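Chain by chain, the residues:
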Amino acid sequence: MSQATRTTLETRRIGSLDVTVVGIGCNNFGWRIDEAATTRVVNATLDAGINFFDTADVYGGTKSEEFLGRAIKARRDEAIIATKFGHEVAPDKKGAAPAYVRQAVEDSLRRLDTDRIDLYQLHKPDAATPIADTLGALQELVAAGKVREIGCSNFSAAQLREAEATVNAGDVKFVSVQNHYSLLHRTAEAAAIAEAAKLGIGLLPYFPLASGLLTGKYRNGQPRPDGARIQADGRFDDWVTEPALDAVERLIAYASDHGHTLLDLAMAWLLSRPVVASVIAGATTPEQITANAAAGLWRLTETQMAEVEALVAGVEI
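Residues numbered from 1 in each chain as written. Predicted model: local features only at pLDDT ≥ 70, side-chain atom pairs only at ≥ 80, totals over all residues. Heavy atoms only, no water.

A.B. asks: Looking at this structure, how should I read unusual backbone geometry?
C.D. replies: Leaving glycine out, the prevailing phi sign among residues is negative, and the prevailing peptide bond configuration is trans. One non-glycine residue, Phe207, lies in positive phi territory at about 55°. Topologically, Phe207 is positioned in the loop between β9 (202-203) and α7 (242-257). Exposure remark for Phe207: the relative accessible area of 18% places this residue in the buried category. Its identity as a non-glycine residue notwithstanding, Ala210 has a phi of 50°, on the positive side. Along the chain, Ala210 turns up in the loop between β9 and α7. (Helix = DSSP H or I, 4+ residues; strand = E, 2+ residues; numbered from the N terminus. Buried < 20%, exposed > 50% of the residue type's maximum accessible area, 1.4 Å probe, protein only.)

And the structure:
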C-alpha cells in the first residue's frame, strides 16, 4: 500500500499508549503463515496506518514472537507491541509466579529482539499465585524499563476488582483486559466488561470476528471453505448454528444496504463501545489488512445501533 492510501485511523488510550482502533492479532504467525508471509503482513499493517500488534509467547509455538520481532525490527518505533505470558510454553514455563514472570519477559524480549514490551499481559489467571505477587513482579519490570504497561486476559469481574484493590497508589495496574466479545458473543457484557468500563480498563476483544463467522465466510446452505478455522469436526463448530447463520444473513443484508461489508459492521459495532480500545483481528494476507483498516472508519449512529441490536436479538454463540 502506498503512503498516499494510508488509512487515518482514530487512536484510543491504553494507559499511556495511543493505539489505533484497529490492531492485528498475531496468532497466525508461525502457525498458519510462514516467516515470509508474516513479514508481508507486518509491513502492510504499518503501511495501512495500524500501529498495534498483539501476540503471545505460545502463539505459533513461540514462532509468532520470533517472526514478528524480525519483521518489525527496522520499523520498531512505528509499532506498539503487546505480548502475553502465563499459558504453558513448556512444562516448567507457565503461570504467573514472580520468578517465572521475570523469566518469561526475558524470553519474550529475546524472541521479539527488542528492548521493551509496550503492553505485557497475563494471558489467564493463575489460581496458584496471589495476584499481588504477580503485580509486584510486573511492577519491577516497569521500573526497569522492560515493560511500559501491563494488562490481563480472561479475567472475571471479581478478578478485575481484586487486582485493582491490590494496587497501591502510584503502582502500576492493569490498563487492559482481553476477553471474548463480539456482536454474537456477549456473555461477559454485564459483568467483566462492565467492570472494565467502571475501572477505566481498556477492552481488547478476542475473537472479534468469531473466527470468520462475522466476515461472511460461513453462509446458509453453503459448504465450509477449505482451510477455514471453523470445521465440522473441530473447535468452534458449535458456533455455526442455524440461528447464528440466519443472523449473519440479516447482518450481511443490513451492511450491504449501508454500503458496507459484514466485516465493517462487526468492527464498527465493537468500536461503538467506548470501553473497546482496539479491535485486534487476525490476518494472513496484506489484502485482509487493507480491509480491516477500512472497517475501522465506520461509525454507527444511535439509530443504526438499535437496528443492529434488533437483527441479533436472542442470538448468542
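Still to come is the rest of the account.
A.B. asks: How should the pairing of strand β5 (residues 80-85) be read in this particular structure?
C.D. replies: Residues in a regular strand point their side chains to alternate faces of the sheet. Among the six residues of β5, six are classified as buried, and the element is accordingly described as predominantly covered. Judged by which residues are buried, β5 turns out to be covered on both faces: Ile80, Ala82 and Lys84 on one side and Ile81, Thr83 and Phe85 on the other are all buried. Looking at chain direction, strand β4 (residues 52-54) and β5 are connected through three bridges and run parallel. Within β5, the residue paired with Phe53 across the bridge is Ile81. What joins β4 to β5 is helix α2 (residues 63-72), and the crossover it makes is right-handed. Here four bridges tie β5 to strand β6 (residues 117-122), and the two strands are oriented parallel to one another. (Pairing = 2+ DSSP bridges. Right-handed = clockwise from strand over helix to strand, strands pointing away.)

A.B. asks: How do you make sense of the packing of α7 against helix α10 (residues 302-312) when you look at a structure like this?
C.D. replies: For the pair α7 and α10, interaxial distance at closest approach is 9 Å and the crossing angle is 155°. Put simply, α7 runs roughly antiparallel to α10. The interaxial crossing formed by α7 with α10 has right-handed handedness. On α10, the residues that touch Ala247, Arg250, Leu251 and Tyr254 of α7 are Gln304, Glu307, Val308, Leu311 and Val312. The residue makeup of the contact of α7 with α10, split by class, is six nonpolar, one polar and two charged. (Axes fitted to C-alpha atoms, helices over the stretch in contact; angles between N-to-C directions. Parallel < 35°, antiparallel > 145°, perpendicular 65-115°, else oblique. Left-handed = near helix turned anticlockwise from the far one by under 90°. Contact = heavy atoms within 4.5 Å. Nonpolar A, V, L, I, M, F, W, Y, C, P; charged D, E, K, R; others polar.)

A.B. asks: Mind showing me how you'd approach the sheet that holds strand β10 (residues 279-282) here?
C.D. replies: One key point about sheets: their strands pair by backbone hydrogen bonds, in either a parallel or an antiparallel sense. Spatial strand order, β9-β8-β7-β6-β5-β4-β3-β10: eight strands in an open sheet with parallel pairing. Edge positions in the sheet fall to β9 and β10, since each of these pairs with one other strand and no more. Sheet contacts for helix α4 (residues 131-143): β5, β6, β7 (147-153) and β8 (174-178); angle to β7, the most-contacted strand, approximately 155°.

A.B. asks: Please clarify how the pattern of salt bridges should be interpreted in this entry.
C.D. replies: Close approach of charged atoms allows side chains with opposite charge to pair. Overall, the coordinates contain 26 salt bridges when judged by the stated rule. With a shortest N-O distance of 2.9 Å, Glu140 and Arg102 are connected by a salt bridge. Note that Glu140 is positioned in helix α4 and Arg102 in helix α3 (residues 98-112), a separation of 38 residues in sequence. Looking at Glu140, the relative accessible area reads 40%, which means it is partly exposed. Connected through salt bridges with shared partners, the residues Arg186, Glu189, Arg273 and Glu309 form a single ionic network. (Salt bridge = Lys/Arg side-chain N within 4 Å of Asp/Glu carboxyl O.)

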